[in-house]
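# Fold and geometry: a report
What follows is the residue order along each chain.
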Amino acid sequence: MIHPIPSGTRDVLADEMREMRAITEALRGVFERSGYGEVYTPALEYEAVLARAGTTATASAPPAYRVFDEAGAVLALRSDMTVPIARVVASRYAAAEPPLRFCYLAHCYRGVRPQRGQPRELLQAGIELVGAPAPQGTVEALNVLCAALDAVGLADYRVGLGDASLFGALMAGIGVAAQTRPALLGALARRDFVELEGVLAAAGLSAHDAELLLSVPQRRGGPEVLADLPGPAAEAAGGMRMVHELLAPEVAERVIFDLGLTRSLGYYTGAVFEVYDPALGAPIGGGGRYDELLGRFGRELPAVGFALGVDRLHIALAGEERGTGVRLAR
Amino acid sequence: MSPLGGLRIAVPRGALFNGTVDLLAGLGVQTDELRTNDRKLLFEEIGVITMRPSDVPTYVEAGAADVGITGKDVLAELALAEASGAAPGGGARAHGGREVYELLDLGFGRCTMVLATMAGEPDPAAEALRRLGVMRVATKYPRIAARHLEETGRQAEIVEVKGSVELAPLTGLVEAIVDLTATGTTLRENNLVVRERFLECTARLIANPVAHKLKAAAIDDLLGRLRAAPARDGGASAASARGEDASAA
């Protein structure tokens, strides 16, 4: 008899589990050695508590699965671990001296279109560093990220580094009308540069300003992309440059600056980053600064963290082994 | 360096094929075999793979091709597809249903999404709506059609067909069709008239998000040369001049 399981979920059998366990043990080892203690939180949370993060209305990863408990309260399956850990910090570490370091290996649940490396139940491995401001906190998180990927044996990965505040600052500096900004941000979030160009053309900006708003988010590459940016964007670029200078050398050489990097979770405030490997057509994971999220739970602390998709990491490793990774044009 | 800088490009067979091949030839790609051999799918030596236009976003999203060319109709239909994806930890938000970057309007293959019904008055679709409260609409673009009718406040029953849409109103299956048209010739030949035009579609250059970072120089070089190419604003290219064919045909 064949009995179905829900779309986007799967069984993991012994051979795969053995390989996956090797990956998660290597990740956990680096996290623990770097001072990040593992925590475990319930997969089910009160929907109203998760909603404090303010991501449900705007993010592409709001909780997708809800149930009622016996008292009629709405529970939701968490869609990431950052929000539950923000809750833990506010409720269980209300008086603890920062910085606080946490790591996790946990399943999260999203209402996505199931495809390769994109299940609805996904295993995430990550860290949260709470109470460490930029740039040092960001630098520490990136160093741990690369140490973890190195420990797993991923060879050809790169880390895209951007700043969630950059485009907003650029729009404000140029004086883009408030009613035009959501359309520009929407086009950028969808990576639709044709639409971005169209909205800019209709926005009544000078040709120079429109060109700037179109070209800056498409800049990516070495430190040269940070050069000669206009005032407000230069501040974010300065922050990125500072992070880069403080990174361990072997981490710094993995970095690709990406001025168009916008992560879809609504709570990012500063530096954001994503991990790419030529063996996989989608990011393996990523993270960034969320300096305002903890405040929404009642403990105002700057924070930074990242999450890796363990399935995607596994696929990328297998791809690198087989040599199916598209070789980088260096 | 090869003309595409080592990139692999997904090229659509069908109505956008000639315009795309002309564009590639303009970039210095050796396209002779591509033009003559319509059975071969993989042209490794020039970095080209060929497929139906609706498959292009699938190959590009997965990274099986770094960049691709497809119609805005294909992208718009996907954009309205089910819940958009998010990477672990919340990655790049999907371009609608697919995580690809839309980089450039290539300007050729210009077509319009239209609503058409049988010629004559009264309009049979309006009549169905008035008397039966719902109009039946056949289309290869069920989400685009449903969205358009919803936005214009009309109740409709969408009938998805894979082949010639024009047959559906002729046989009484539906009162109206939503389809892509360049010149309107096929519609006229089937006694159909365009009642509404609502979405301009042209060929677009799309890119895989990871390739966009890891092969930035090659992609930017390609973009720069395509922006400078004469075909971009040419409008009436070979593909659209050939007539009726929707790019998804």
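From a predicted model like this one, the values you see are computed outputs, not experimental measurements. (Residues numbered from 1 in each chain as written. Chains lettered and ligands numbered in written order. Predicted model: local features only at pLDDT ≥ 70, side-chain atom pairs only at ≥ 80, totals over all residues.)

## Here's the deal with the overall build of chain A
Test applied: Only DSSP runs of H or I with at least four residues qualify as helices, and only runs of E with at least two residues qualify as strands; both kinds are numbered from the N terminus onward. Atoms counted for the radius of gyration: C-alpha only. Globule rule: 2.2 Å times the number of residues to the power 0.38. To sort residues by burial, count the other C-beta atoms lying within 10 Å of each one's C-beta; a count of 20 or more means buried, 12 or fewer means exposed, and anything in between means partly exposed. C-beta atoms are built from the backbone. Distance between backbone-placed C-beta atoms decides contact: two residues are in contact if it is within 7 Å.
Within chain A, the regular secondary structure consists of twelve helices and twelve strands. A compact globule built from 330 residues would reach a C-alpha radius of gyration of about 20 Å, and chain A, at 20 Å, matches this within 12%. If one aligns the C-alpha atoms of chain A with their principal axes, the spans along those axes are about 65 × 50 × 50 Å. Within chain A, buried positions represent 47% of all 330 residues. In chain A, of all internal contacts separated by at least 6 residues, the share reaching a separation of at least 24 is 72%.

## Some words on the overall build of chain B
Counting its secondary structure elements, chain B contains eleven helices and eleven strands. Scored against the burial criterion, the 249 residues of chain B give a buried share of 51%. Partitioning the intrachain contacts of chain B with sequence separation of at least 6 by distance along the chain shows that 72% fall at a separation of at least 24.

## Re the pairing of strand β11 (residues 285-289) of chain A
A regular strand carries its side chains on alternate faces of the sheet. Residue and element names in this part refer to chain A. The line we're drawing: In this description, strands pair whenever DSSP reports at least two bridges between them.
Burial runs high along β11: five of the five residues are buried. Of the strand pairs in this sheet, strand β10 (residues 271-276) and β11 are connected by four bridges, and their pairing is antiparallel. When the bridges of β11 are listed, V275 appears paired with G285. Pairing geometry for β11 and strand β12 (residues 303-309), over five bridges, is antiparallel. The residue bridging G285 from the neighbouring strand is L308, located in β12.

## Focus: the sheet that holds strand β2 (residues 44-46) of chain A
All names here are of chain A. We count it as follows: Angular values range over 0 to 180 degrees, each being the angle between N-to-C directions of two axes fitted as lines to C-alpha atoms, with helices fitted over their stretch in contact.
Pairing is antiparallel across the open sheet formed by three strands, whose spatial order is β2-β4-β3. Two strands close off the open sheet at either side, each with one partner strand: β2 and β3 (66-68). The mean inter-strand angle of the sheet, taken between neighbouring strand axes irrespective of direction, is 35 degrees.

## Points about the domain arrangement of chain B
Where interface size is given, it is often the accessible area lost as the parts come together that is meant. Residues and elements named next belong to chain B. Note the cut-off: As annotated, the domain borders come from an automatic or database domain assignment. Three categories are distinguished: nonpolar for Ala, Val, Leu, Ile, Met, Phe, Trp, Tyr, Cys and Pro, charged for Asp, Glu, Lys and Arg, and polar for the others, with Gly belonging to the last.
With domains assigned, chain B is organised as domain 1 (9-110 + 202-241) and domain 2 (111-200). Each side of the interface is counted separately: domain 1 has nine residues, and domain 2 has ten residues. Take the side of domain 1 that touches domain 2: its biggest share by element is three residues, from helix α4 (residues 72-79). For the side of domain 1 that touches domain 2, the residue count by class is three nonpolar, three polar and three charged.

## Some remarks on helix α4 (residues 136-152) of chain A
Residues and elements named next belong to chain A. The following threshold applies: Multiplying 1.5 Å by the helix residue count minus one yields the expected span of that helix.
Here α4 spans 25 Å end to end across 17 residues, near enough to the 24 Å set by a 1.5 Å rise per residue. Of all 17 residues making up α4, twelve are buried, and the element is well covered by its neighbours. For α4, the complete set of buried residues consists of G137, T138, V139, E140, A141, L142, V144, L145, C146, A148, L149 and V152. At the exit of α4 stands G153, carrying a positive phi of roughly 100 degrees.

## Points about the packing of helix α1 (residues 14-33) of chain A against α4(A)
All names here are of chain A. Worth spelling out the cut-off: In this scheme the handedness of a crossing depends on how the near helix is turned from the far one: anticlockwise by less than a right angle means left-handed, clockwise means right-handed.
The geometry of α1 relative to α4 is characterised by a closest axis approach of 8 Å and an angle of 145 degrees between their N-to-C directions. Of the two elements, α1 crosses α4, and the hand of that crossing is right-handed. Residues I23, A26, L27, G29, V30 and F31 of α1 touch α4, and the partners they reach there are V144, A147, A148, A151 and V152.

## Quick look at the sheet that holds strand β3 (residues 48-51) of chain B
Residue and element names in this part refer to chain B. Ordered in space as β2-β3-β1-β4-β11-β5, the six strands form an open sheet in which the pairing is mixed. Edge positions in the sheet fall to β2 (42-43) and β5 (101-105), since each of these pairs with one other strand and no more. Across two bridges, the pairing between strand β1 (residues 9-12) and strand β4 (residues 67-71) is parallel. Bridged to I9 within β4 is V67. Sitting on the sheet, helix α1 (residues 17-26) touches β1, β4 and β11 (203-207), and the angle it makes with β1 is about 140 degrees. On top of the sheet, α4 reaches β4, β5 and β11; it is set at about 90 degrees to β4, its chief contact.

## Describing the environment of K72(B)
Checked against the element boundaries, K72(B) lands in helix α4. Ignoring any residue separated from it by four or fewer positions in sequence, one finds K72(B) in contact with C201(B), T202(B) and R204(B).

## Some thoughts on the pairing of strand β5 (residues 100-109) of chain A
All names here are of chain A. Extensive coverage of β5 is indicated by the burial of eight of its ten residues. As judged from the two bridges shared by strand β1 (residues 37-38) and β5, these two strands associate in the parallel manner. Residue pairing across strands places G37 opposite F102, the latter belonging to β5. Pairing geometry for β5 and strand β6 (residues 121-130), over ten bridges, is antiparallel. Residue pairing across strands places H107 opposite L123, the latter belonging to β6.

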